[in-house]
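Residue strings, one per chain:
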Amino acid sequence: MEAPPKHRLHSGLRLWEFPDQYVIEPTDGSAAPCLDISRLDGSMKLIDQVAECNSLRVPKIRSIFGVVGMLKLLAGSYLVVVTESESVGSFLGHTIFKINSLKVLPCDHSLKNSPEEQKKVETDFSRLLNVAERTNGLYFSYEINLTLSAQRLHDLGDESKSLPLWRQAEPRFLWNNYMLEVLIDNKLDQFLLPVIQGSFHSFQTAIGRDIVDITLIARRCTRRNGTRMWRRGADPDGYVANFVESEQIVHMNGYTSSFVQIRGSMPFMWDQIVDLTYKPKFEIVQPEEAARIAERHFLDLRKKYGSVLAVDLVNKHGGEGRLSERFAGAMQHINGDDVRYLHFDFHHICGHIHFERLAILYEQMEDFLDKNGYFLLNEKGEKMKEQSGIVRTNCIDCLDRTNVTQSMIGRKMLELQLRRIGVFGAEEAISSHLNFDERYKILWANHGDDISIQYSGTPALKGDFVRYGRRTVQGVLNDGWNALARYYLNNFADGTKQDAIDLVQGHYIVAVSRDMAPVPRKGGLEAVANFPVALAVVLISLWFATMSVKRAGSDYRHLFFSLVWTGISVAVAAVMRANGRIFCNRPRLHKPRP
């Protein structure tokens, strides 16, 4: 599992920032060469040691914790490094680090000789890199491949285990896959830091005299990565939005056991175009292609995971019902021994408080879980069981209802694992161990919040049930606030964030031929359209209308002015609604990677 010495990543680095170059010096005692990067054009080479400093070349010096990669824009290249990280636990005995801060280092001195128009375009793109610097939920290890589950790591052949970590990695879960290409071309294996996006949490607890280690890790797929309203459904190749693999691992008495489940948007082409309404209409795109795309999606899942149980939690009626009907229709051509579709109307059956009714769902999937099992190693590292199938869960966002459902499934499977290891009796449950139960709920609540923040910008809704086992007044209030925050972010912030994601993950390649065309100037309403200003006008107009009504009495002038201010409020609100496409912050980098 661990890379051999000649490929081992540098676990300590020092960055020297000279006026004309960056030098990255290993400080882990390996006596390896330094990496020299030109600030003129981003070219790289290995050098034996850092050049001597003088009064004309005074460097800034800082410690860094890894090289994430490099991006090339129109004229400059941009190096991305880890400037802050912290240890958050261990995965199969190897330390895991969370990235707390990224830094983009420009290698763009050649930009000085570029045309003015090119400089403007470069500046626009480089601003997106500043957004990318704030990406959260990034994790890495210097010693082990985080992109693979415990079962897949165990099944790696000796030849694969001898490769550098980036060569062992599963590309769809490698967050910096595109950014590593330049370093790969330069054969810089010891500087190539594989990074995943997702979540990592763990805890220890005691059951009698036994110590149990529980770890929960999420791996986010990069194929159709993005933000909530700007990445829905599937692409023509069957890759779906918000696809996340969640692995729950238990260590106890020398045994190691893991259980994997996945989530992902409904696998056909559909979207929601934000237009300032709270819940934009669902639009099914190319419905005639739904069956083919779904078939391609599930074929890929079967190759990677084995049998698939697709659990669909969306409403049976309304706009969600149309999507569910399309999903069910597409699945009629796919259902068989290896793939099964199960619809469970979460809101109708569980409402907003009766989540214990998920037991009805568990009864319907229990046979599948018993048959396909989980992965188990004994004290000698020998495989005793393997997981041969996967539960795929979805709701609309694959966040809130999905989190509650996956935590229920994870709990049931952990109890089965602990019974198999011999720690739990036949009827014993996690809920009978108060400390264990409390920490397990918090584990899954944090897991759900992390996944939700990356996709929607806010913690998960219904998180109080996962965290406390019941709905609370504070939880309902938090859900209301988070729903409003999602509305604002989806409409007025996520477009830029989507552009940044597409840029750093190579879904959009910057090229002179496509990006040098001048951006058309906005005119008329679009030139002054600004949601905060418009909202302020509405609120001020309503306030004046209220004051005028209070003073009206028999004074028709005040009554007249109250009608005027009310009219202004309604007019501006109508313009905001009608011109949602102007006020909304939309992605601009919509062209596919060539």
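Use the structure listed above.
Source: prediction; values computed, not measured.

Participant: Quick one: what's the story with the side chain of Gln272, residue by residue and with numbers?
Facilitator: Here Gln272 is to be found in strand S14 (residues 270-272). Polar side-chain contacts of Gln272 include one of 2.6 Å to the side chain of Arg232. Within the structure, Gln272 has its side chain in polar contact with the backbone oxygen of Pro280 (distance 2.8 Å). In contact with Gln272, not counting residues within four places along its chain, are Met229, Arg232, Lys279, Pro280, Lys281 and Phe282.

Participant: Please give an account of helix H14 (residues 494-504) that cites residues and values.
Facilitator: The periodicity of an α-helix, 3.6 residues per turn, causes residues three or four places apart in sequence to face the same way. The element H14 is extensively covered by neighbouring structure, given that 9 of its 11 residues are classed as buried. Considering only its buried residues, H14 is in contact with strand S6 (66-72), helix H1 (116-132), helix H11 (434-456) and helix H13 (473-492). Directly beyond the C-terminal end of H14, a positive phi value near 75 degrees is found at Gly506.

Participant: Could you give an account of the pattern of salt bridges, naming the residues involved and the relevant values?
Facilitator: Summed over the entire model, instances satisfying the criterion amount to 26 salt bridges. Residues Arg219 and Glu247 are paired through a salt bridge, measuring 2.8 Å at the closest nitrogen-oxygen approach. Of this pair, Arg219 sits in strand S11 (residues 210-220) while Glu247 sits in strand S12 (residues 244-252), placing them 28 residues apart in sequence. Classification of Arg219 by relative accessible area gives buried; the value is 0%. Salt-bridge contacts for Arg302 lead to Asp338; the nearest nitrogen and oxygen are separated by 3.4 Å. One end of the pair, Arg302, is in helix H6 (residues 290-305); the other, Asp338, is in the loop between helix H7 (318-331) and strand S17 (339-343), and 36 residues separate them in sequence. One connected set of salt bridges, linked through shared partners, spans Arg228, Arg232, Asp397, Asp400 and Arg486.

Participant: Could you give me a rundown of the packing of helix H10 (residues 400-421) against H11, with the residues and numbers involved?
Facilitator: Contact pair H10 / H11: the axes reach a minimum separation of 10 Å and the direction vectors enclose 140 degrees. Relative to H11, the element H10 is oriented oblique. Where H10 crosses over H11, the two elements pack in a sense that is right-handed. Residue-level inspection shows Asn403, Gln406, Ser407, Gly410, Arg411, Leu414 and Leu418 of H10 in contact with H11, the latter providing Phe436, Asp437, Tyr440, Lys441, Trp444 and Gly448. Considered class by class, the residues forming the contact of H10 with H11 number 5 nonpolar, 5 polar and 3 charged.

Participant: Outline the side chain of Glu170, supporting the account with residue identities and numerical values.
Facilitator: Secondary-structure assignment places Glu170 in the loop between helix H4 (165-168) and helix H5 (181-185). Judged by its relative accessible area of 10%, Glu170 falls in the buried class. Other than its neighbours up to four places away in sequence, Glu170 contacts Thr147, Leu148, Arg152 and Lys304.

Participant: Tell me about the sheet that holds strand S1 (residues 13-17), residues and numbers included.
Facilitator: Read from one edge of the open sheet, 5 strands run S4-S3-S2-S1-S5, paired in antiparallel fashion. Each edge of the sheet is formed by a strand with only one pairing partner; in this case those strands are strand S4 (44-47) and strand S5 (60-64). Mean inter-strand twist for the sheet, computed between neighbouring axes without regard to direction, equals 25 degrees. Pairing of strand S3 (residues 34-38) with S4, which is carried by 4 bridges, proceeds in the antiparallel orientation. Note on S4: the bridge partner recorded for Cys34 is Ile47.

Participant: Before we move on, could you go through a negative patch on the surface and cite the residues and values that matter?
Facilitator: Among the surface-exposed residues, Glu363, Glu366, Asp367 and Asp370 lie close enough to one another that they form a single negatively charged patch. Relative to the assigned elements, Glu366 resides in helix H9 (residues 358-372).

Participant: How would you sum up empty space enclosed by the protein? Please name residues and give values.
Facilitator: With the rule as written, the count across this model stands at 5 cavities of 30 Å³ or more. Considered as a void within the structure, the largest cavity measures approximately 80 Å³ in volume. Arg172, Cys221, Gly238, Tyr239, Val240, Phe243, His297, Asp300 and Leu301 are the residues that line the largest cavity. Looking at the lining of the largest cavity, its residues break down into 5 nonpolar, 2 polar and 2 charged. Within this model, the second largest cavity holds a volume of roughly 60 Å³. Taken together, Tyr139, Phe140, Ser141, Ile144, Asn145, Leu146, Thr147, Leu165, Pro194, Val195 and Ile196 make up the lining of the second largest cavity.

Here is what the cut-offs are and how they apply
Residues numbered from 1 in each chain as written. Predicted model: local features only at pLDDT ≥ 70, side-chain atom pairs only at ≥ 80, totals over all residues. Heavy atoms only, no water. Helix = DSSP H or I, 4+ residues; strand = E, 2+ residues; numbered from the N terminus. Polar contact = N/O pair within 3.5 Å; in protein donor to acceptor, adjacent residues only side chain to side chain. Contact = heavy atoms within 4.5 Å. Buried < 20%, exposed > 50% of the residue type's maximum accessible area, 1.4 Å probe, protein only. Salt bridge = Lys/Arg side-chain N within 4 Å of Asp/Glu carboxyl O. Axes fitted to C-alpha atoms, helices over the stretch in contact; angles between N-to-C directions. Parallel < 35°, antiparallel > 145°, perpendicular 65-115°, else oblique. Left-handed = near helix turned anticlockwise from the far one by under 90°. Nonpolar A, V, L, I, M, F, W, Y, C, P; charged D, E, K, R; others polar. Pairing = 2+ DSSP bridges. Patch = residues over 30% accessible without salt bridge, like charges linked within 9 Å, V, L, I, M, F, W, Y side chains within 5 Å. Areas by Shrake-Rupley, 256 points an atom, 1.4 Å probe, with all protein chains shown as cover. Lys, Arg positive; Asp, Glu negative; His and termini not counted. Charge placed at Lys NZ, Arg CZ, Asp CG, Glu CD. 1 Å grid on protein atoms, 1.4 Å probe; cavity = no way out; pocket = protein on both sides within 12 Å on 5 of 7 lines; lining within 4 Å. Points joined across faces, edges and corners; volume = space filled by probe spheres on them.

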